[in-house]
Structures are given as structure tokens and as C-alpha cells.
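Here are the chains, one letter per residue:
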Amino acid sequence: MASLYIHIPFCKQACYYCDFHFSTNLSLKAQVIEAICAEIDLQKDYLPKVPLNSVYFGGGTPSLLQEAELSALFTQIHRHFSLKPQVEITLECNPDDLNREQLSMLKRQGINRLSVGVQSFHAEHLKYLNRAHDSKKAYEAIQLAQDIGFENLSLDLIYGIPAEGHQILEEDLKKVGSLNPPHISAYCLTIEEKTVFGNWLKKNKIKQVEDEFAAQQFEILLNFLESSLFEQYEISNFARNQQYSQHNCNYWIQESYLGVGPGAHSYNQYSRQYNITNNTYYIRSINNREIPCTLEILTRENQINEYLMTSLRTIWGTDLRYLANKFDLELILQKKTILERYMQFGLIQIEDNKLSLTRKGKLLADEIIRELFVSE
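Remember, it's a predicted structure, so these values are computed and weren't measured experimentally.

K.L.:
Could you give an account of helix H12 (residues 320–327), naming the residues involved and the relevant values?
P.N.:
Taken together, the buried positions of H12 are Leu320, Leu323, Ala324 and Phe327. An end-on view of H12 places all buried positions within 110 degrees of arc, on one side of the element. Buried residues along H12 sit in contact with helix H11 (300–311), strand S13 (318–319), helix H13 (331–334), strand S14 (348–351) and strand S15 (354–357). Structurally, the start of H12 carries an N-cap: the backbone nitrogen of Arg321 is 2.9 Å from a side-chain oxygen of Asp319. Following H12 by one or two positions, Asp328 has its phi on the positive side, about 55 degrees.

K.L.:
Summarise the pattern of salt bridges; cite the residues concerned and give the values.
P.N.:
Under the definition given, this model contains 16 salt bridges. For Lys29, the salt bridge is made with Glu69, and the minimal N-O distance between the two is 2.7 Å. Of this pair, Lys29 sits in helix H1 (residues 29–42) while Glu69 sits in helix H2 (residues 67–80), and the two are 40 residues apart along the sequence. You'll find Lys29 and Glu69 in the same group, each marked buried. Here Asp41 and Arg289 are joined by a salt bridge, their closest N and O atoms 3.0 Å apart. Of this pair, Asp41 sits in helix H1 while Arg289 sits in the loop between helix H10 (279–287) and strand S12 (293–297), placing them 248 residues apart in sequence. One network of salt bridges, in which partners are shared, links Lys12, Asp96 and Asp97.

Analysis parameters
- Residues numbered from 1 in each chain as written.
- Predicted model: local features only at pLDDT ≥ 70, side-chain atom pairs only at ≥ 80, totals over all residues.
- Heavy atoms only, no water.
- Buried < 20%, exposed > 50% of the residue type's maximum accessible area, 1.4 Å probe, protein only.
- Helix = DSSP H or I, 4+ residues; strand = E, 2+ residues; numbered from the N terminus.
- Arc of directions from axis to C-beta.
- Contact = heavy atoms within 4.5 Å.
- Polar contact = N/O pair within 3.5 Å; in protein donor to acceptor, adjacent residues only side chain to side chain.
- Salt bridge = Lys/Arg side-chain N within 4 Å of Asp/Glu carboxyl O.

Below is the structure:
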């Protein structure tokens, strides 16, 4: 399997928590789209010659694309890649962009899955995050998308937002439940250094929530989604009836993917590429028929640790036989003391040569994964 990711680096306004590459100045949008089309041509041989099972428009805010821009991108995609008959084509979108005309255009162009950045239905939380939509617009946009025929919908939520208690999260989850989406992605609010929140934290304008509060919110989230028949197939991702994100699953099971656009990443199992995060330099380089990227060759250690980092976050866990066969690594022997300690505390389990996190262990996933990393 193989995937294609297209990074659209433009937003109407900056969310205070976001550390992805984007610009609120849209003056270069047409030139960047033209350059992305040219990069697809330059990178056409990066992936193995197999049909793509997923295409993902991320950002930024891809729902800012006009029909001519989206059509130009699809023309290049179809020119250089074949797509599986049931290919998943996802577009990230903000509720404030989703009117009937825009949704109809997206469907007409071939988008068959929407990832909607709701984050919260609470007015004060949306203001705190500096989101452009309000609660009413978010709810109505999702209903409209469903009415138009977008059955494959994912809603993004953020928990761990500072609050007196958990009532706001509980109300958010009730609204999510009433919309009945097949997929939910839920992320704990983290304050990254190069963001508005990161700057405010340095100046003591805001405080990070306590770990205990965030853990309590995670438990509330899990209990609600479990009772609503969602399966937690990755720490932050939940689906009904196995309607998993095929694109994200490709990341987690180490399939190859090509990322085009400024700030996009690519991976082919042996190396990674990181495109430059500067729109002007990106355009200039592509116009010179050069791919403006940093190349990282993955060592054996890198490959093992990447596999541990992605696989342990999923319901499928880490395949110990795979580590032994591909890397000659007997993880149970090499990390015996650590694994025994985590098993004693009920944080991990090993069944049928698969190592996975328990529900309790998922709260400490990053710490557990770091301890299992190998070094050479």
C-alpha cells in the first residue's frame, strides 16, 4: 500500500495551539498550488508502483481551496498515480468553510471523506483556541455534510482545555453523540513552543493544565466513546464498525507515503524527507526543478524505534516476530526488566507475540515507548 499527502499551508486565522506550517497571508496561494502540482511531477517516482489506497489533503486549511485549484491537483494526481477503486480521499476542513456550495464542489471533485476541525462546541473554548467558527455553525455544517451525502466523516476534538471541571467536555461529547459520526480524533491540548500559547506560557499569561486533570478528561472521553460503541484503534483515534482512517493507518503500519507541499514529510521505509517550511523558498526551488527537502537516512535503530513508536499506539500492537525477523531483535530479552515492571503494574500485555498497551498503559504511552527505544 502507499499514500499521498498534500499540504495546503494557508489559514484564515491562526489557532493559538497550532504548530503546523501555515500562513494567514493568502497572496501566494495560487503560486503554491501551481508549485505543488509541479512537485507531484518531480516526485512521481518516489513511491512504489502500486495503486494509492489513500490521498489526504491536510494543512493548514484545505477547505480554502477553490474548485479550479482542487481540480488542478487532482489532474496531476491522476496523471502520475493510479488509485485503488475504493481509494479513501480525505480533506481537512473547518466548519466555517462548509456551506452547501462548497460541500457539493468537494463531492463533485471526488472527496469522499471529511475531517472536520470542530475542537469544541463551547463558545468560550472556541474563543480561547481562536477558532473561526461558533458552536452553531459547527453543528449545522456537519449536519449539512451528512445531508449532502458525506457518510465518511471524522470530527476532531480537543480535551484538556483549562476549565473549572468536566462539564464542558461532557456536553461536547453529548453533541458529538447526537451527530453520530463514524470516526472521532481526540487530542489533549499540548502547548508547543512556537505557538501563540507557547509564547503566552513563557510570559505566564496562561498555565498548562495539571496532568491529573488531563488524565481525568481522557477517562471521561474513553468511557463515553466506549459506551457509544467506538473502538479505540489508536490512542487518539476512535471508529465505529472499523471505519478507520486508512491514511493514518498507513502511517502507523509503516507503509510508504509521499508528502508534497511546503512542510510536508515523506517516508519510504528506509528514509524520510522533510520539505522546507517557507512558502517563498518552496516556490522558488520547485520553479528551478529542485525539491527543497532535507533527507534523513534511517538507521537500523531509527527503523526499530519508529516501529515501536507507531505500532504501540495502535490496537494491533507491536509484532515481536516482525522485530525478530527483520531486525534480529528479541525485545523481550533485551528489555526484560522494563517489560516485567510494566506488566506488574498492568500497563502492557503480551499475547500471541504481540505487545500492546492496556487502557491504563495508554495514559503513559509516551513514557513507556521511550523506555523501550533501543540504542546502538
